[in-house]
Each structure stands twice: as C-alpha cells, then as structure tokens.
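# Tertiary structure, described
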Amino acid sequence: MTLAPADACLAPEEIAMALVLTHATVLTVDPQDRVLDDRDIRIDGRTIAAIGPGGTLAIPGDITLDCTRGLVMPGLVNTHTHAATALFRGLADDKPREFWPEGGYSVPGQERFTMADYRGSLAAACAEFLGNGVTTIADRVAGMDQLAPVIAASGMRAVVGSTIADAGGPVDWGATERVIERYGVDPMASRISAGIAPHALDTCSDALLAECARRAERHGAKVFLHVAQSAAEVASIRRRGHSGALACLRCAGLTGPDVIAAHCIYLDEDEIDGFCADGTAICHCPASNLKIEARTLPLARYLGRTPVGLGTDWTASNNSMDMFWEMRLAALVGKMKADDPTVLDTRQMLRLATLDGAKVLGIDHLVGSVEPGKRADLVVLDLAALEMAPLHDAISNVVYSASPRSVRDVLVDGEIRVRDHRLVQDHRSWAEAS
Ligand SMILES: [Zn+2]
C-alpha cells in the first residue's frame, strides 16, 4: 500500500484518519496542465497529502469518497464580488449608463435594506457560491466588520475589505481596522484575511488613495479597488489633473501585484502597456462590464504580462454568481475582442478561474491547483451528468460545457461543504454568526 511520504515512518495506529477521494479523474492545473486518470487523493486535515494510483491511498479507518464518476478540479476563485448585495438581483437590468450615479453604484430603493437583510443575503450568496463550485471569494462592501463573520461561518476562503471613500464626507477607517485586527492580512494564518478596499478613483481623493498605499505597506496588506469602470469615472479623475486611471494610480503609489484593480475597461493603449509594466493585478468581470457598460477589456493582451483573474462582481450588474459562465464568457468575448478564435485557449481559461485567480489574491501557494502540499479546496464534478459526456477533453468540458449543475461535491480546507449537490449545513444559521 502506498502512503503519503509523511506517513511512511509512522506506525499504523499513529496515522490520523484521512479523507481519501478514490478513483478520480483529476484536473490538476499543475505546470503541465495534466489530467490524471483513476487517481486517489489523500487529504490529511486541510492539506492534500498525496495523489496516487486509484485504490492505493486509503487505509482502514479513513473516510473515502468514491469519485469513480467524478472529475476533481481546483475550487473556483472569484476575484471580485460584493456578496452581501445579492438581494439586488433583478433590480437593474437594461439600464443606460447614466442610470448609475456618478461617484458610486447604487440601486433605487436599496436604502430599505438593513444590516440584517445584508447578512441574510450574504449567507445565501455564500451558499450559492459553494453550490456553484466557488471556494474562494475576494469580497468588499462597506461595513465588512459586521459581514465577514457570515463568510467565515460558511467555511469559504475569502479575502475581505471594507469599502472606504471620501467623496461624500470624511473617511472612516474603523471597519477596515477592525477587520484587519480580527482576521489579519496573512492568508496562511486565517481562512479569512483582510485587505484595504478604497472604492474607486473618482470616489476617493488623491490624498485618500495615497493613504491607502501607506497603510497597505504598513500592514503588509493588498489593496482592492475599482478602476476605469466608466467613462464618467475617467472624466472625473481627469478633472483632478490626471491624464487617466493609470496616472492616478501611479500618483498614489498604487501599482504592482499587491494592487488588485477590478474592471479596467476604460484604459487606452499606453495605459494597457503601463498596467503590464507595473504588474498591477486585474480582476476581469466580463458579465458585469458587458451588462452595464456594453464593453469589455482586451483580455488576450494582458495574459502572461500581468496577473489576471475573473470575477462575478455584484448581482445588480451581473445577476449570476456562476464562475463557469464567467469563464466561458471571458473566452468567447475575448476571442471576439482579439478578432482571433485561437486565443484564450481552454487551458488558459481554466487557469484564469483557478490558479491565476489565486495568484491575483496572493494565495496561489495555498490553492488553485490539485497538487500535494496545497490546501484541499476541491470541486468534484459529476461525470454522470449529461453535459460532461463524452469526456474527450476534460478541460474543454469544464470550460465550455460544465455549469453549477455539474458540481457534485465541494471541499474547502479539506472540509466537505457540498455533498451530492447539497450543502451539508443550513446556510441560514451563518447569518447569525458574530
Ligand atoms: Zn465591484
């Protein structure tokens, strides 16, 4: 019997009970993008301890999960969302660009919702994400100190930030500081970790953006913000004397891989090259951008030049929390934008939704691929599902055929969160977490 190397010197009674996924097809997203047939995956605690031939890694006392008809892949990584606002779904379809108030995004009537509503909405969103195979989110809204406990209760991995801005009055750093104090900024130390989340270039002054850069450096935190999401935003920062979004970011010291910019759909050619030269990370949210701006970024121009991940954004501008859909849309619209059907191949697209997204968030050493030593954030797709057959090319099926209904099981940190298409917990209890 083959055991994980770490177990090899232990007597049988000293080997802790493990979870073993047996006889799986494994979509590794490793450096060779290997797809492995008939493999066992041994999970000790929260970590993938070993991957070996099918039927070789389980020992008496282990818990096994039969994956004979399962395709194991890394959990999907959503690099930009506002999960607490899931209750806005359906409130803003087919609107003109002017519908969105300058200096912020809101929907009519949202003031009627209370923090309790948002906590319930967030719990449901986490349930939906898990059921859709999303194991990590980068989430940001105001009041995150009151919301992050809900995400923590769901068992998801998350990088969270409390939105700050000073366009409407003095900035309040309280929620940001509380989130950093409670969860820290190290994803190795906590499944929930914190970043700094200025809202956007038009809702934050140059002084506030520079202060965000200083605080991020002091804490060792990443900075998450919206960049060049609308023409009105770019016009606003030009009135402040900047030539565009890139100049504004550089002026504030917000460049490089620790700065994570969502959208970036109003950048000119020089700014695209500048973003890549700076290595600033980008969250590409194709559905959101297409729905409210009828616009997208030239994805193929960024790949391999700067970190890029995919995001769903919020339900008011997307409605869906489906990263399979986002991956497929990014590929198809990206091909159109490049006027080239050969770009954005299936391997690249799968990476964008998994390992590359993890790299954007600075957690690619932890998650994003199925390899020994990585945390067991895994999705098992149901190979008995009609949309997964035939399996000529597993990666192709995942990118172009799979959907949330294909998701059978979901694990985060080795804990089973979805089993046989159903959440293992009642998500309503998460809304009570403090
Ligand atoms: Zn957003």
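Residues numbered from 1 in each chain as written. Predicted model: local features only at pLDDT ≥ 70, side-chain atom pairs only at ≥ 80, totals over all residues.

## Looking at the domain arrangement of the protein
- Looking at the assigned domains, one finds that the protein contains domain 1 (5-74 + 369-425) and domain 2 (76-360).
- On a C-alpha basis, the centroid separation for the pair domain 1 and domain 2 is 30 Å.
- With 22 residues of domain 1 at the contact, the number on the domain 2 side is 24 residues.
- Going through the elements one at a time, α13 (394-400), β16 (407-412) and β17 (415-419) are the ones with two or more residues in the side of domain 1 that touches domain 2.
- Looking at the side of domain 1 that touches domain 2 element by element, the count peaks at 5 residues for α13. (Domains from an automatic or database assignment. Contact = placed C-beta atoms within 7 Å. Helix = DSSP H or I, 4+ residues; strand = E, 2+ residues; numbered from the N terminus.)

## Re the packing of helix α2 (residues 144-154) against helix α3 (residues 174-183)
- Close contact between α2 and α3 brings their axes to 8 Å; oriented N to C, the two are set at 35 degrees. Contacts between α2 and α3 involve Met 144, Asp 145 and Ala 148 from the former and Ala 175, Arg 178, Val 179 and Tyr 183 from the latter.
- A breakdown of the residues in the contact of α2 with α3 according to their chemical character gives 5 nonpolar, no polar and 2 charged. (Axes fitted to C-alpha atoms, helices over the stretch in contact; angles between N-to-C directions. Nonpolar A, V, L, I, M, F, W, Y, C, P; charged D, E, K, R; others polar.)

## Here's the deal with the nonpolar core
- Ranked by internal contacts, the top residues of the largest apolar core, which has 132 residues, are Val 72, Cys 126 and Ala 245.
- Top element by residues in this core is helix α1 (residues 115-131). It accounts for 9 residues.
- When we break this core down by domain, the ones giving at least three residues each are domain 1 (5-74 + 369-425) and domain 2 (76-360).
- Leave out the neighbours within four places in its chain, and Ala 245 touches Leu 201, Val 227, Ala 228, Val 234, Ile 237, Tyr 266, Leu 267 and Glu 271. (Core = buried A, V, L, I, M, F, W, Y, C linked by C-beta atoms within 7 Å. Buried ≥ 20, exposed ≤ 12 C-beta atoms within 10 Å, placed from the backbone.)

## Examining the sheet that holds strand β13 (residues 281-284)
- Taken in spatial order, the 4 strands line up as β11-β12-β13-β14 in an open sheet, and their pairing is parallel. Both outer strands of the open sheet, β11 (223-227) and β14 (308-310), are each paired with one neighbouring strand and no more. In this sheet, neighbouring strand axes are inclined to one another by 25 degrees on average, regardless of whether the strands run parallel or antiparallel.
- Across 3 bridges, β13 lies against β14 in parallel orientation. Within β14, the position partnered with His 284 by the bridge is Leu 310. (Pairing = 2+ DSSP bridges.)

## A short note on helix α11 (residues 346-353)
- Where burial is concerned, most of α11 is hidden: 6 out of the 8 residues are buried.
- Here the buried face of α11 lies against β6 (76-81), β14, α10 (323-338), α12 (355-360) and α13.

## Quick look at unusual backbone geometry
- A cis geometry characterises the amide bond from Ala 389 onward to Pro 390, with omega recorded as -10 degrees.
- Here Pro 390 is to be found in the loop between β15 (378-382) and α13.
- For His 263, which is not glycine, the phi dihedral falls at a positive 85 degrees.
- Turning to its location among the elements, His 263 is positioned in strand β12 (residues 259-263).
- Among the residues examined, His 263 registers 28 C-beta atoms within 10 Å and is labelled buried.

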